[in-house]
Amino acid sequence: MNAPSTAQGTGQDTEHQGLVENRIFAPPAPFAAQAAVSGMEAYQALCAEAERDYEGFWARLARENIEWQMPFTRTLNEDNAPFYKWFEDGKLNASYNCLDRNLKNGNADKTAIIFEADDGTVTNVTYKALHEKVCKFANGLKSLGIKKGDRVVIYMSMSVEGVAAMQACARIGATHSVVFGGFSAKSLQERIIDAGAVAVITNDEQVRGGKQLPLKAIVDEALAMGGCDTIRNVVVYKRTGGAINFKEGRDIWLSDLVDQQSAECEPEWVEAEHPLFILYTSGSTGTPKGVQHSTGGYLLWAALTMKWTFDIKPDDVYWCTADIGWVTGHTYITYGPTAVGATQLIFEGIPTYPHAGRFWENVAKHKVTIFYTAPTAIRSLIKASDGDEKVHPKNFDISSLRLLGTVGEPINPEAWMWYYRNVGREQCPIVDTFWQTETGGHMITPLPGATPMVPGSCTLPLPGIMAAIVDEAGHDVPNGQGGILVVKRPWPSMIRTIWNNPERFKAGYFPEEFGGRYYLAGDGAIRNKDTSYFTITGRIDDVLNVSGHRMGTMEIESALVANPLVAEAAVVGKPDDTTGESICAFVVLKQARPTGEEAKKLATELRNWVGKEIGPIAKPKEIRFGDNLPKTRSGKIMRRLLRVLAKGEAITQDVSTLENPAILEQLKESA
Ligand code: 6R9
């Protein structure tokens, strides 16, 4: 594990972020007055309750927020730490909690989903209609022989059907594994194999930014690569009607599968620890890891944080712009909003089509009250409105907004201020929510009616989250001193294991150096001397964050060296004004080092290759060719030097351990 001093960071100036930033914004009084958690005393009271009786605290919340078919009697089982179990003898069903519960609570005719298609077409789906859709879908999956414990891969676009597919799996106790629609056939194939999935649910095509893009064809390609012998069926949702190949006996249209099914489907009651889903994410090795989540603890978190962090109220129109292919789309689209009976907007398209004011146009059109997006989107829309006045939020009636949020990466104070002023009109609190695929939901975030906000800081842990900053020996560091972010006690929505790889789970997240009991987030952080607020300083492992998407440098390197032309590759992150970080690859070819036009041509070829191997999001922005890479005498690539080169800075570090100092000169230029 690297020391935080070697953190790659995300281009953030931590001095400025954590220590010098002294603007502080109290929650607007009208907001605080009506908030679920109103004022810091209320927040502190919850923290105190958790400190006093940790298990009692979570048991109370689990009883209040979840409907159990069989109540639990044991709250937390730590016997086989770090394989913690929560509410283990309780039984429930996630889809029941998200749908049936709303029908019973008088929300049957309430709009669950407002679907805004890429071309602006709007479809409203009530809770009753969503329930019916999910039940039919679930019965259809059952008719294919899919049952509790089976894994189902979902490779779909943003759609009501995508959410319904996830909920339908949950209803019958099948474990879903959603793969983001931007991943390549190869990535999809790897995930299908690792999960041992029995079926894939997909679209014929997806529509984004006015373009029709293939999905089913990529599934075909993935399955044709071999190794996916566990797959029996491919269910296809017809989105565009574009031409696709159909394999008789394997492929089935969603409509043919569900139309004749009953609109009732008795939920499969599962144990609280039953895996609701697996979601693959990047780590510091070449292969993505299947983060496994529970049903009970996870669902509790989804519901609870909708109330705590988003202060969700019956009349809110909530909009999370994430994709269901990422964890944010799982917790804050599919499960959280429905678990609390909210009305949410689901958007099929992209922020810049047909113009870069689309987000604000959508807010105005649907009277969105709570808006949750990524800093990278905010930064790109700032840029767009600098270049074109017409798409500035001031030209849209976005006065319905009452709360704003960000997720996925640090937000730089300037972007925070722009968001606060121009989108929030200085009347909306901003919740800068720090969390991860592994944490299941928010961990460190302001509570909008309680916590005074500081631009660029995710402020304080949620009640009951024992977050701390430690040094390499696992000792607490004082405020003002950077270190490693850990969570000292288990919490209900934490990762349960890595699918098929409990050893990697244990070693990666609960390292022995910390007694095997602290959860290691993989981020560095620092707490402010006066406020104790947390600021995340960036990953301490070899994980990059590009536009809020997690990417392992090793994954990209493996993809590059898989190309027959490449002898060796090293990938580092480089600070980027819009995407936070960008990918810079240093490549040694088997042939002589290319220059000029040839280098440009080969760089394009390799970029596309990575796009094919992993997906377009993993394409390096820059590729630099060298005869070699800077290495120590023992042959280790000196990545810290590559990071400096990528930034275009002069090397001032000690290079005495470097075997081949002359190489640095060569690697200065991009292809
Ligand atoms: C939800 C999600 C997790 C990594 C995480 C950290 C970064 C997320 C952040 C943030 C600073 C925030 N991250 N939220 N950094 N401030 N508010 O993004 O999950 O894709 O697993 O990424 O993202 O580095 O470790 P995931």
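These figures come from a predicted structure and were not determined experimentally. (Residues numbered from 1 in each chain as written. Predicted model: local features only at pLDDT ≥ 70, side-chain atom pairs only at ≥ 80, totals over all residues. Heavy atoms only, no water.)

Draft legend 1. Just the overall build of the protein, in detail. Within the protein, the secondary structure is distributed over 20 helices and 30 strands. A compact globule built from 671 residues would reach a C-alpha radius of gyration of about 26 Å, and the protein, at 24 Å, matches this within 12%. Each principal axis of the C-alpha distribution contributes one length, and for the protein these read about 70 × 65 × 60 Å. Counting every position in the protein, which comprises 671 residues, the buried fraction comes to 63%. Put simply, of all contacts in the protein between residues at least 6 apart along the chain, 72% involve residues at least 24 apart. Summing over all exposed atoms, the protein offers an accessible surface of approximately 24,100 Å²; the carbon and sulfur share of this is 50%. Computed over 69 positive and 80 negative side-chain charges, the inter-centroid distance for the protein is 1 Å. (Helix = DSSP H or I, 4+ residues; strand = E, 2+ residues; numbered from the N terminus. Rg over C-alpha atoms; globule rule 2.2 N^0.38 Å. Buried < 20%, exposed > 50% of the residue type's maximum accessible area, 1.4 Å probe, protein only. Contact = heavy atoms within 4.5 Å. Areas by Shrake-Rupley, 256 points an atom, 1.4 Å probe, with all protein chains shown as cover. Lys, Arg positive; Asp, Glu negative; His and termini not counted. Charge placed at Lys NZ, Arg CZ, Asp CG, Glu CD.)

Draft legend 2. Region of interest: the pairing of strand 11 (residues 233–237). Taking burial as the measure, the five residues of strand 11 include five buried ones, the bulk of the element. Residues Asn233, Val235 and Tyr237 line one face of strand 11 and the alternating positions Val234 and Val236 line the opposite face, and both faces are buried. As judged from the five bridges shared by strand 8 (residues 199–203) and strand 11, these two strands associate in the parallel manner. What sits directly across from valine 200, in strand 11, is valine 234. As paired elements, strand 11 and strand 12 (residues 251–253) share three bridges and run parallel to each other. Note on strand 12: the bridge partner recorded for valine 236 is tryptophan 253. (Pairing = 2+ DSSP bridges.)

Draft legend 3. Just the site of the ligand, in detail. Residues in close proximity to the ligand total 17 residues, the closest being Asp432, Thr437, Asp523, Arg539 and Arg550. Note that a nitrogen atom of the ligand is positioned 3.2 Å from one of the backbone N or O atoms of glycine 408. Separating an oxygen atom of the ligand from a side-chain N or O atom of arginine 550 is a distance of 2.8 Å. Look at the ligand: alone it shows 530 Å² of surface, and the protein chains cover 94% of it. Here the shell around the ligand is composed, by residue class, of six nonpolar, six polar and five charged. (Near = heavy atom within 4 Å. Polar contact = N/O pair within 3.5 Å; in protein donor to acceptor, adjacent residues only side chain to side chain. Nonpolar A, V, L, I, M, F, W, Y, C, P; charged D, E, K, R; others polar.)

Draft legend 4. The UniProt feature "domain: AMP-dependent synthetase/ligase" (unreviewed entry) in the protein, seen in detail. In this structure's numbering, the residues bearing the UniProt feature "domain: AMP-dependent synthetase/ligase" (unreviewed entry) are residues 106–491. Measuring from the first to the last C-alpha atom of residues 106–491 gives 32 Å, for a span that is 30% helix and 22% strand. (UniProt positions renumbered as here; feature names shortened; annotations may be inferred.)

Draft legend 5. Region of the structure containing unusual backbone geometry. Cis geometry is adopted by the peptide bond preceding proline 82, which originates at alanine 81 and carries an omega value of 5°. One can find proline 82 in the loop between strand 1 (76–77) and strand 2 (85–86). Cis peptide bonds are those with omega within 30 degrees of zero, and the linkage from tyrosine 353 to proline 354 qualifies with 0°. Phi at glutamate 426 takes a positive value of approximately 60°, unusual for a residue other than glycine. Looking at the secondary structure, you find glutamate 426 in the loop between helix 15 (413–423) and strand 20 (430–433).

Draft legend 6. Region of interest: the sheet that holds strand 25 (residues 534–539). An order of 21-22-24-25 is seen for the four strands of this open sheet, with the pairing classed as antiparallel. Sheet topology places strand 21 (467–470) and strand 25 at the edges, where each strand pairs with a single neighbour. Strand-to-strand, the axes of this sheet are offset by a mean angle of 45°, without reference to chain direction. Examined bridge by bridge, strand 22 (residues 483–487) and strand 24 (residues 519–527) share four bridges and lie antiparallel to one another. Bridge pairing in strand 24 places isoleucine 484 opposite glycine 524. (Axes fitted to C-alpha atoms, helices over the stretch in contact; angles between N-to-C directions.)

Draft legend 7. The domain arrangement of the protein, seen in detail. Domain boundaries in the protein define domain 1 (29–350 + 429–524) and domain 2 (547–667). Here domain 1 and domain 2 have C-alpha centroids that lie 34 Å from each other. With 18 residues of domain 1 at the interface, the matching set in domain 2 holds 14 residues. In terms of surface lost to domain 2, no three residues of domain 1 exceed Ser282, Gly286 and Trp326, which account for 35% of the buried area on that side. The interface formed by domain 1 and domain 2 holds three salt bridges in total. Put simply, glutamate 221 and lysine 612 hold a salt bridge, and the shortest N to O gap is 3.4 Å. Here domain 1 is connected to domain 2 by 11 residue pairs in polar contact (both at pLDDT 80 or more). Split into classes, the residues belonging to the side of domain 1 that touches domain 2 amount to three nonpolar, 11 polar and four charged. (Domains from an automatic or database assignment. Buried area = accessible area lost by both parts, 1.4 Å probe. Salt bridge = Lys/Arg side-chain N within 4 Å of Asp/Glu carboxyl O.)

Draft legend 8. Looking closely at the pattern of salt bridges. The final tally for this structure, using the stated rule, is 38 salt bridges. One salt bridge in this structure joins arginine 74 and glutamate 88, with 3.6 Å as the shortest N-O distance. On the criterion of sequence distance, the pair formed by arginine 74 in the loop between helix 4 (54–65) and strand 1 and glutamate 88 in the loop between strand 2 and strand 3 (91–92) is long-range, its members being 14 residues apart. According to the relative accessible area criterion, arginine 74 is partly exposed, its value standing at 35%. Salt-bridge contacts for arginine 639 lead to glutamate 557; the nearest nitrogen and oxygen are separated by 2.6 Å. A residue pair is termed long-range when its members are at least 10 positions apart, and arginine 639 in helix 19 (residues 639–647) and glutamate 557 in helix 17 (residues 553–561) qualify at 82 residues.

Draft legend 9. The environment of leucine 403, seen in detail. With respect to the helices and strands, leucine 403 occurs in strand 19 (residues 403–407). Look at leucine 403 and you get buried, because its relative accessible area is 0%. Taking the C-alpha atoms as reference points, leucine 403 and threonine 309, 94 residues apart in sequence, are found 9.8 Å from one another. Dropping the residues within four chain positions of it, leucine 403 is found in contact with Phe31, Thr309, Phe310, Thr369, Ile370, Phe371, Cys428, Pro429, Val431 and Pro448.

Draft legend 10. Focus on the UniProt feature "binding site: CoA" (unreviewed entry) in the protein. Here the UniProt feature "binding site: CoA" (unreviewed entry) sits at Arg208, Gly209, Gly210, Lys211, Thr328 and Ser547. Taken together, the annotated residues stretch across 340 residues and extend over separate regions, lying up to 24.5 Å apart by C-alpha. Positionally, glycine 209 belongs in the loop between strand 9 (205–208) and strand 10 (211–214). Given a relative accessible area of 16%, glycine 209 falls into the buried group. Considering the arrangement of structural elements, one finds serine 547 in the loop between strand 26 (543–546) and strand 27 (549–552). You can call serine 547 partly exposed: its relative accessible area is 22%. Each residue touching serine 547, except ones within four places of it in the same chain, is listed here: Thr376, Glu409 and Thr579. Engagement of the side chain of serine 547 in a polar contact is seen with the side chain of threonine 376, the distance being 3.5 Å.

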